[in-house]
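Residue-level listing of the chains:
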Amino acid sequence: MSFLSDLFRKKSIPDAIAGAHSETGESGGLQKNLRVIDLTALGIAAIIGAGIFSTIGSASYNGGPAVIFLFIFTAVACGFAAFAYAEFASLLPVSGSAYTYSYVAFGELIAWIIGWALIMEYAVGNITVAVSWSGYFTSLCDSAGWHVAEWAQVDYVSARDGFGVADGLLKGGAQMSSLTDTQREAWLAWTNAPMLGPLRIILDVPAIVMSILITCLVYIGIKESKTAGNAMVVLKLIVVLLVIVVGAFYVDTANWHPFVPNGFGGVMAGVSSVFFAYIGFDALSTTAEECKNPQRDLPRAMVNSIIICTVLYILIALVLTGMLNYKELDVNDPLAYVFQKLNLKWFSGIIAVSAVFAMAGVFLVFQLGQPRIWMTMSRDGLLPKRFSHIHPKYHTPDFSTIITGFFVVVPMLFIPSDTVLDLCSMGTLFAFVLVCAGVLKMQMTPDAPRGKFRTPYINGKYIFPLMIVAGLAYLFTQERQALQAWLTNEREMLDEDTLLSRLDRAQATTAVSATALRDSAGFAAVGNDLAAYLSGLQPDAYSAAVEALPLPDAVKYESGWALFKHKIPMWLFALTCLYMVALCFRHSLSLIPTLGMLSCFYMMAQIPAKSWMGFFIWLLIGLVIYFGYGYRKSKLNRTAIV
């Protein structure tokens, strides 16, 4: 067998199932405790958490009330992917999720890549959850009169970068009181941090402690984790329903006008935040070996959890944007914040307490998923056998669980929360794309085995090409100017925060003086605060004001390669769409997995280029490990040393 064909050697379905059973050994394997109600509860526990308690605020700030359309779009995309996951789960009722599915559909190299991406998804996803949990926890501590120092509630890089932004705003004339809570806390963390020689000691202590405690719970067992998770789901649903019911009485419909204040671009700007709010249902497939009836229960649980959470998300978004103007919602604790602003502090406190338990539930489910990916890859010989060891008493992958804890705690020390949010979305979307592609490949493969559950078939031979033609017609007729600017890579003006963070002190002084001369009355009305002045302008007025500043164009605009690199993912998406048109026409592919693959790819294309680079670096590290160990030790390698 040649080297190239070895890279794409595939695992048969009987081997995948038999391999899982053969690894039980003396420990008796994983316990089958999960029913459809437990799985649905775990799915809701994973989905409803940091998204609805935290990131929904930034998404609403970007998109206004129209953020509900992004929730609907994301739910549909996740629903398409859920059908694909459910089809594979009914075919392969074993741990491993998209990793195992890709091993059967595409071969070993692709399986390794997706498994490595899933490890990143769960690890960095839990970093985001832990950081959000820490925000609510420290807020509660402050309310109780116990203040946690700023340097002990943020990571090093976030503090450094936040200090840079805050310092730029202060140089532009802003007062400390006018900074956002996040900016002010980053500035205080950086300036007040204790020193160890030249190094500032900055770390999120509550997040680290919580991560260790939840990892210990996951280590003890799936039954204990299930019980804790179910209790947290009940609490979360009660609080969410109370927010919707109580908040509805304080909705001012005037806050819904304009409904789409920042256009389509503003709605899509929150894609990482909104998609993160849906991450979790795929973690259910990693528990397939612990389900009593995975072929029947997993598909039902995935669909149930997505539908329930989507309805709740839409209602929550409408209530939040109705209670307060969307411009006030860019905070870490939006649910508690809106009630606090309306002087319902007692209810705000209830929400904050509930958020602490809710996000701990999300962390629990994610921390259940990652060790089972390590375990499955180890069973295949791609990782050392120690990773697939099952604890004789607790019946959990003990060593993998410990490694999972390290993979969350260590990066938490230096990776900023906004970056891990994007990386988590990247890893998950990449898995969704490949799982949907796997279903399409089975459709194109004669006599391919199929499970008891199948994705509903809708012939996309003509429908999908017509959808692409309609989309192109809309762009060329209704969005011609924006499309032309995108195609020609026309320079783009920076937003006020980025602009001010790029200014040195001399340039900031120049910008303040020029603005005061240009509009003395308007500038004085905001206390000579350049950031406040610029943020209060309408788009056309903002462009004119920045254009008039006596600053170099390199400071005011992004152009050339710095701008084009952000468009590369969209170019890849466009080319993939054209390729799928040809495949649909040739093979009469099913429309649902096709739309699932492309809608997830589209959301990937909205994520910043720096996160794509981080994702590729992670994959490169994984390939080094694969070629250094996994390729030789794989059980499918006939020449592997036993």
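Quick note: structure is the one above.
Computed from a predicted structure; not experimentally measured. (Residues numbered from 1 in each chain as written. Predicted model: local features only at pLDDT ≥ 70, side-chain atom pairs only at ≥ 80, totals over all residues. Heavy atoms only, no water.)

Engineer: Looking at this model, I keep getting lost on the environment of Ile468. Mind explaining?
Structural biologist: With respect to the helices and strands, Ile468 occurs in helix 19 (residues 463–478). Excluding residues within four positions of it along the chain, Ile468 makes contact with Cys577 and Val581. (Helix = DSSP H or I, 4+ residues; strand = E, 2+ residues; numbered from the N terminus. Contact = heavy atoms within 4.5 Å.)

Engineer: Is there a simple way to think about the layout of surface pockets in this case?
Structural biologist: Taking a probe equal in size to a water molecule and rolling it over the atoms shows the remaining empty space. Approximately 380 Å³ is the volume found for the second largest pocket. If you go around the second largest pocket, you meet 20 residues; those closest to its centre are Val433, Leu434, Thr576, Met597 and Phe601. Elements that contribute at least two residues to the lining of the second largest pocket include exactly helix 18 (417–444), helix 28 (568–587), helix 29 (591–605) and helix 30 (609–633). No other element matches helix 18, which puts 7 residues into the lining of the second largest pocket. Among the residues making up the lining of the second largest pocket, the classes are represented as 18 nonpolar, 1 polar and 1 charged. (1 Å grid on protein atoms, 1.4 Å probe; cavity = no way out; pocket = protein on both sides within 12 Å on 5 of 7 lines; lining within 4 Å. Points joined across faces, edges and corners; volume = space filled by probe spheres on them. Nonpolar A, V, L, I, M, F, W, Y, C, P; charged D, E, K, R; others polar.)

Engineer: Please explain the packing of aromatic side chains as it appears in this structure.
Structural biologist: Given two aromatic rings, one states the distance between the centres and the angle between the planes to describe the pair. Enumeration according to the criterion identifies 26 aromatic pairs in this entry. Residues Phe69 and Phe259 carry aromatic rings whose centres are separated by 5.9 Å and whose planes lie at 65 degrees to one another, so their mutual orientation is edge-to-face. Of the two residues, Phe69 is situated in helix 5 (residues 67–91) and Phe259 in the loop between helix 11 (222–248) and helix 12 (263–268); the sequence distance between them amounts to 190 residues. By relative accessible area, Phe69 is classed as partly exposed at 45%. Centroid distance Phe163 to Trp187: 6.3 Å. Interplanar angle 25 degrees. Geometry classified as stacked. Of this pair, Phe163 sits in helix 8 (residues 156–171) while Trp187 is found in helix 9 (residues 181–192), placing the two residues 24 residues apart along the sequence. By the ring-pair criterion, three or more aromatic residues cluster together here, those being Trp112, Trp116, Trp374, Phe387, Phe399, Phe407, Trp618, Tyr626, Phe627 and Tyr631. Lying across the ring of Phe585, Lys461 places its NZ or CZ 5.2 Å from the centre. It is Arg491 that lies over the ring of Tyr557; its NZ or CZ is 3.7 Å from the centre. (Phe/Tyr/Trp six-rings, centres within 6.5 Å; stacked < 30°, edge-to-face > 60°. Buried < 20%, exposed > 50% of the residue type's maximum accessible area, 1.4 Å probe, protein only. Lys NZ or Arg CZ within 6 Å of the ring centre and 35° of its normal.)

Engineer: Please explain a nonpolar patch on the surface as it appears in this structure.
Structural biologist: Side chains of Leu487, Trp561, Phe564, Ile568, Trp571 and Leu572 sit close together on the surface and give an oily, nonpolar patch of about 560 Å² of accessible area. Where the nonpolar patch is concerned, the elements lending two or more residues are helix 27 (560–564) and helix 28. Ranked by residue count, the leading element in the nonpolar patch is helix 28, at 3 residues. Locating Phe564 in the fold gives a position in helix 27. (Patch = residues over 30% accessible without salt bridge, like charges linked within 9 Å, V, L, I, M, F, W, Y side chains within 5 Å. Areas by Shrake-Rupley, 256 points an atom, 1.4 Å probe, with all protein chains shown as cover. Salt bridge = Lys/Arg side-chain N within 4 Å of Asp/Glu carboxyl O.)

Engineer: What exactly am I supposed to notice about the nonpolar core here?
Structural biologist: Across soluble globular proteins, nonpolar side chains show a tendency to be buried alongside one another. The biggest cluster of nonpolar side chains holds 155 residues, and the ones touching the most others in it are Ile48, Phe53, Phe71, Ile316 and Ile351. The residues touching Ile351, leaving out its near neighbours within four places in the chain, are Phe53, Val239, Val243, Leu335, Ala336 and Phe339. Counting 22 residues, the second-largest nonpolar core is a separate cluster that includes Ala166, Leu503, Tyr542 and Ala545. (Core = buried A, V, L, I, M, F, W, Y, C linked by side-chain atoms within 4.5 Å.)

Engineer: It is not clear to me how the environment of Leu534 should be interpreted in this structure. Could you clarify?
Structural biologist: Within the secondary structure, Leu534 is located in helix 24 (residues 530–535). Residues Leu534 and Asp497 lie 37 residues apart in sequence; the distance between their C-alpha atoms is 9.4 Å. Leaving out residues up to four positions away in the same chain, Leu534 has contacts with Glu496, Leu499, Tyr542, Ala545 and Val546.

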